[in-house]
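# Notes for the structure review
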Amino acid sequence: MANFVDFDLEPKVLQAITEMGFEEATPIQSQAIPIALSGSDMIGQAQTGTGKTAAFGIPMISKIAREEEKISALVMAPTRELAIQVADEIEKLARFKGLRSLAIYGGQDIVRQIRALKRKPQIIIGTPGRLLDHINRKTIKLDDVQTVVLDEADEMLDMGFMDDIQSILKLVPEERQTLLFSATMPANIKRLAEQFLKNPQHVSVIPKQVSAPLIDQAYIEVPERQKFEALTRLIDMESPELAILFGRTKRRVDELAEALQKRGYSADGLHGDLSQNQRDAVMRKFRDGSIEVLVATDVAARGLDVSGVSHVINFDLPQDPESYVHRIGRTGRAGKEGKAWSFVTPRELDHLNFIERVTRHKIARKPLPTMSEAIEGKQRILAERLLEVVQDGELNEYKAIAIQMLEQFDSVNLLSAAMKLMTGEKKDAKIELTPEDPVRAKRRKPSGSYGGGRSGGGYKGGSGGYKGGYKGGSTGGRSGGYQGNRSSNGTGGYKGSKEGGYQGRGGKSSYQGDRPAPKRDNFEG
Ligand code: ADP
Ligand code: MG
């Protein structure tokens, strides 16, 4: 791993990096920064959380002159949440150099964006749909762009942005540098790269194999109608520090967040229909720990970098294994342990089996937590909290009455009563969720294509190696191993028996499966 001083960066950029607390470059940064600084086109493949923003941001910022008044760099990102995250990081990196950057995304008042554009930012970070809007209104001109970055390119194509991206790229001058980042390299990404990149250099970071499994995966078989009861018991039993709860639809997310609140849990929902202010408020509360359960759709949670997530709960099983891997990757990060629980209805057991085969990881079956396990869990946490308060001290105001009471009553009874009070009466508001249809394993053509393609991180490890391969990345996030080819015709390639099907050794093979046609209904660009 390289030190940032080795890259021969200008002092103001180095100063920003130091200020941000980066001590050494991450693996993707070590590889990508020198290449990007050399001016060459590049394709970078790495999981979420590996530092890709600075990997392209540092060289991009280095190239731009401070007094430039035109848009010199354009970054495309799939969602407003990601565009904002990238823009924040770019702004910090460019701060001492004094460059201006601006995030452009759907859902925000376009007039406000037009006003902000008058400040002549040199760097634009935007979602493709809204960018195109501005281009058509001539409020954004791309004639002077020297660097284009496609961030999370696979997600952008998944969300149906192919046409928009192509239209935009055709408007950028030919003699530019193009950097493409993607967690996976399905065929459509390769095609896009062939069309728009010139002799790109490839950089990929294969997740390290670590023997200690960081994500503990389990499932509970439960009928659709009993899921919510199961959920409250599970939360009580596990008392997560921070949990992300995945629901299949926006309606589901809304209903779950509301139902949890009714039962006295601190929960909130995140999905594409919320206004930017609402989303920001939810994320702030989740980050500072004032909500313990974040209910989200896949799209809303994509790419979110929240540390300290102790539990991922799949209230609904995701349709495809790749989403499963993305979801559970929200926990078990930065060397911490995480737990991933999935609810599986009886009709979804086949689908679970499919996920297990693709991810090459057996998911442990666990019984539904019993009422007494739930209560025990709650009490354990309560006891821990009590002890913390004891340690913090500052109890003097209470001591006189405590002594008085102890003279008259039994200490065990007193403490039990205090704990009963603290648990609060369990609110038993009646909860009715709209049922979701079970996910079904899709029909797979027997003549599918298997991997062989060079993926950045196949499932590693010879025997049941998924555990090692995926969990290995200490930063968690995505595994590079499963590669859906996102064909929209729904037939593609899974084949093979449990044993013979995967050629996965040493990260060489990739599963190439299908994905449903891109959905635009809940995209957030
Ligand atoms: P990715 O785009 O690969 O998902 P990000 O660029 O969002 O990852 O980076 C993830 C987090 O790691 C961010 O909070 C970022 O500030 C931090 N980070 C990036 N590079 C470094 C580094 N060299 N040292 C420490 N932290 C870093
Ligand atoms: Mg990123």
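Analysis parameters
Residues numbered from 1 in each chain as written. Chains lettered and ligands numbered in written order. Predicted model: local features only at pLDDT ≥ 70, side-chain atom pairs only at ≥ 80, totals over all residues. Heavy atoms only, no water. Helix = DSSP H or I, 4+ residues; strand = E, 2+ residues; numbered from the N terminus. Buried < 20%, exposed > 50% of the residue type's maximum accessible area, 1.4 Å probe, protein only. Areas by Shrake-Rupley, 256 points an atom, 1.4 Å probe, with all protein chains shown as cover. pLDDT = per-residue confidence, 0-100. Contact = heavy atoms within 4.5 Å. Axes fitted to C-alpha atoms, helices over the stretch in contact; angles between N-to-C directions. Parallel < 35°, antiparallel > 145°, perpendicular 65-115°, else oblique. Left-handed = near helix turned anticlockwise from the far one by under 90°. Salt bridge = Lys/Arg side-chain N within 4 Å of Asp/Glu carboxyl O. Near = heavy atom within 4 Å. Polar contact = N/O pair within 3.5 Å; in protein donor to acceptor, adjacent residues only side chain to side chain. Nonpolar A, V, L, I, M, F, W, Y, C, P; charged D, E, K, R; others polar. Patch = residues over 30% accessible without salt bridge, like charges linked within 9 Å, V, L, I, M, F, W, Y side chains within 5 Å. Pairing = 2+ DSSP bridges. Core = buried A, V, L, I, M, F, W, Y, C linked by side-chain atoms within 4.5 Å. Phe/Tyr/Trp six-rings, centres within 6.5 Å; stacked < 30°, edge-to-face > 60°.

Within the protein, the regular secondary structure consists of 19 helices and 16 strands. The burial tally for the protein puts 54% of its 525 residues in the buried class. Here the protein has roughly 23900 Å² of accessible surface; of this, 49% comes from carbon and sulfur atoms.

Per-residue confidence for the protein gives a mean pLDDT of 80; residues scoring 70 or more make up 80%. Confidence over residues 208-212 falls short of pLDDT 50; this stretch has 12 contacts with residues more than four positions distant or in other chains. The low-confidence segment residues 442-525 (pLDDT under 50) makes 231 contacts with residues lying over four places distant or belonging to another chain.

The next subject is the packing of helix α8 (residues 162-170) against helix α9 (residues 187-196). Packed helices, taken two at a time, are described by their axes: the angle between them and the distance between them. At a minimum axis separation of 11 Å, α8 and α9 run at an interaxial angle of 10°. In terms of orientation, α8 lies roughly parallel with respect to α9. Seen along the crossing, α8 lies across α9 with a hand that is right-handed. Here Met162, Ile165, Gln166, Leu169 and Lys170 of α8 come into contact with α9, specifically with Asn188, Leu192, Gln195 and Phe196.

Right, let's talk about the pattern of salt bridges for a bit. Side-chain pairing between opposite charges can occur once the charged atoms of the two side chains come close. All chains considered together, the criterion is met by 19 salt bridges. Within this structure, Glu224, Lys227, Arg252 and Asp316 form a network of salt bridges that share partners.

A few words on the site of ligand 1. Taken together, 15 residues surround ligand 1, and among them Glu24, Gln29, Gly49, Lys52 and Thr53 come closest. One nitrogen or oxygen atom from the main chain of Thr50 is found 3.1 Å from an oxygen atom belonging to ligand 1. At 3.1 Å from an oxygen atom of ligand 1 is found a main-chain nitrogen or oxygen belonging to Gly51. Look at ligand 1: alone it shows 560 Å² of surface, and the protein chains cover 74% of it. Here the residues of the shell around ligand 1 are counted per class, giving three nonpolar, eight polar and four charged.

The next subject is α8. Helical geometry note: an α-helix holds 3.6 residues per turn, so side chains three or four residues apart project in the same direction. Within α8, the full set of buried residues consists of Asp164, Ile165, Gln166, Ile168 and Leu169. Those residues of α8 that are buried are in contact with β2 (73-76), α6 (128-136), β5 (147-150), α7 (153-158) and α9.

What follows deals with a nonpolar patch on the surface. The grouping of Tyr398, Ile401, Met405 and Phe409 at the surface amounts to a nonpolar patch, some 430 Å² of accessible area in total. Secondary-structure assignment places Tyr398 in helix α17 (residues 396-408).

Reading across from one edge, β3-β4-β2-β5-β6-β1-β7 is the order of the seven strands in this open sheet, with parallel pairing throughout. At either end of the open sheet lies a strand with only one pairing partner, and these are β3 (101-104) and β7 (201-204). Neighbouring strand axes in the sheet, compared pairwise and without regard to direction, differ in orientation by 15° on average. Across four bridges, strand β1 (residues 42-45) lies against strand β6 (residues 177-182) in parallel orientation. Bridged to Gln45 within β6 is Ser182. Across the sheet, helix α2 (residues 27-37) is in contact with β1, β6 and β7; its angle to β7 comes to roughly 165°. Together, β2, β4 (123-126), β5 and β6 form the strand contacts of helix α3 (residues 52-63), whose direction differs from that of β6 by roughly 170°.

Before going further, it helps to examine the nonpolar core. Counting residues in hydrophobic clusters, the biggest one holds 43 residues, and the most contacted among them are Phe56, Ile58 and Ile123. Of all the secondary-structure elements, those providing two or more residues to this core are α1 (11-19), α2, α3, β2, α4 (80-94), β4 and β6. No other element matches the eight residues that α4 contributes to this core. With near-sequence residues (within four places) excluded, Ile58 lies in contact with Phe4, Leu9, Val13, Ile17, Ile33 and Leu93.

What follows concerns the packing of aromatic side chains. The geometry of an aromatic ring pair is captured by the separation of the ring centres together with the interplanar angle, meaning the angle of the planes. Scanning all chains against the criterion turns up four aromatic pairs. With centroids separated by 5.5 Å and ring planes inclined at 50°, the aromatic side chains of Phe56 and Phe181 adopt a geometry described as tilted. Here Phe56, found in helix α3, pairs with Phe181, found in strand β6; they are 125 residues apart in sequence, far enough to count as distant. With a relative accessible area of 0%, Phe56 lands in the buried category.

For the rest of this paragraph, the subject is the pairing of β1. Alternating residues of β1 divide into Met42 and Gly44 and Ile43 and Gln45, and every residue in both groups is buried. When β1 meets β7, the two strands line up parallel, connected through four bridges. Across the sheet, residue Gln45 finds its bridge partner in β7, namely Ser204.

Mapped onto the elements of the fold, Leu234 is located in helix α10 (residues 227-238). Those residues in contact with Leu234 that lie beyond four places of it in its chain are Ile220, Ser239, Ile313, Trp341, Phe343 and Pro369.

What follows deals with the sheet that holds strand β11 (residues 293-296). Reading across the sheet, the seven strands line up as β10-β11-β9-β12-β13-β8-β14 and stay open at both edges, with parallel pairing between neighbours. The open sheet has two free edges, formed respectively by β10 (267-270) and β14 (364-365), since each of these has just one partner strand. Sheet analysis places strand β8 (residues 215-221) next to β14, joined by two bridges and oriented parallel. Of the residues in β14, the one forming a bridge with Ala218 is Ala364. Along the sheet, helix α11 (residues 250-262) makes contact with β9 (243-246), β10 and β11, crossing β10 at roughly 170°.

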